[in-house]
Amino acid sequence: MPTPCFCNSSQLFEYCCQPIILGKREAQTAEQLMRSRYSAFVVANINYLMNTHHPKTRPSKDKKSILKWTRSVEWKGLEIITTSVCEPSSLEAYVEFKASFIEDGTLANIHENSYFVKENGKWLYKSGIHK
Ligand SMILES: [Zn+2]
């Protein structure tokens, strides 16, 4: 049964975020990385979240607590608000997004302007400013 991608791209998961999460394909843009990280939260792939987080800012929070949290919420969707113009040669980018979820019966969201950098040909999440 094909699953529509969690990132609301209107593509199927198996052609959208899944191959990126599984390491079969690199995220070509910061937005693709952002989308795949959202989908990784939905499927609770914490290793992928850690691997795509810049080592300098990677959370010290242990993987188990992130896993427990992401499994405790019901993810409702991702909305990309803006993406900075990004040339193929760009080494940094911003993506503003809103991710919605239900936690303890209440609809909540993360509204963040995320900062991504490209190092050794890979996009990495570096930091985010909560809105
Ligand atoms: Zn996707």
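Structure report, in brief. The residue numbering used here restarts from 1 in each chain and proceeds along that chain's sequence as written. Totals for whole chains, interfaces and linings use every residue, but because this is a predicted model, local features are given only for residues with pLDDT of at least 70 and side-chain atom pairs only at 80 or more, for both listing and counting. Hydrogens are left out, water is left out, and the side-chain values use all remaining heavy atoms of the structure.

It is worth spelling out the nonpolar core at this point. Residues belong to a common nonpolar core when they are buried Ala, Val, Leu, Ile, Met, Phe, Trp, Tyr or Cys residues joined through side-chain atoms within 4.5 Å. Each residue's exposure class comes from its accessible area (1.4 Å probe, protein chains only) as a fraction of the maximum for that residue type: buried when under 20%, exposed when over 50%, partly exposed otherwise. Counting residues in hydrophobic clusters, the biggest one holds 29 residues, and the most contacted among them are Cys7, Cys17, Met34, Tyr38, Leu78 and Phe116. Labels follow the DSSP assignment, with helices taken as runs of H or I lasting at least four residues and strands as runs of E lasting at least two, numbered in each case from the N terminus. Elements with a minimum of two residues in this core: helix H1 (18-21), helix H2 (30-42), helix H3 (46-51), strand S1 (74-83), strand S2 (92-103) and strand S4 (122-130). Here a residue-residue contact requires only that any non-hydrogen atoms of the pair lie within 4.5 Å. In this view, Cys7 contacts Cys16, Cys17, Arg35, Tyr38, Ser39 and Leu78; residues no more than four positions away in its chain are not counted.

The gaps left among the atoms become clear once a water-sized probe is rolled over them. Considered as a void within the structure, the largest pocket measures approximately 540 Å³ in volume. Secondary-structure elements contributing two or more residues to the lining of the largest pocket are H2, H3, helix H4 (63-72), S2, strand S3 (106-119) and S4. Residue composition of the lining of the largest pocket, grouped by class: 15 nonpolar, 3 polar and 3 charged. Here a cavity is any set of points on a 1 Å grid over the protein atoms alone where a 1.4 Å probe fits but cannot get out, and a pocket is any open set with protein on both sides within 12 Å along at least 5 of 7 lines; a residue lines the site when it has an atom within 4 Å of a point. Grid points are joined across faces, edges and corners, and a volume is the space filled by probe spheres set on the points. Here the second largest pocket is characterised by a volume of approximately 200 Å³. In terms of lining, the second largest pocket is formed by 13 residues, of which the most central are Ile20, Glu26, Tyr48, Thr52 and Lys122. The element contributing the most residues to the lining of the second largest pocket is S4, with 3 residues. Residue polarity follows a fixed list, in which Ala, Val, Leu, Ile, Met, Phe, Trp, Tyr, Cys and Pro are nonpolar, Asp, Glu, Lys and Arg are charged, and the others, Gly among them, are polar. Of the residues that constitute the lining of the second largest pocket, the class distribution is 7 nonpolar, 3 polar and 3 charged.

No statement about biological role is implied by the geometric values presented.
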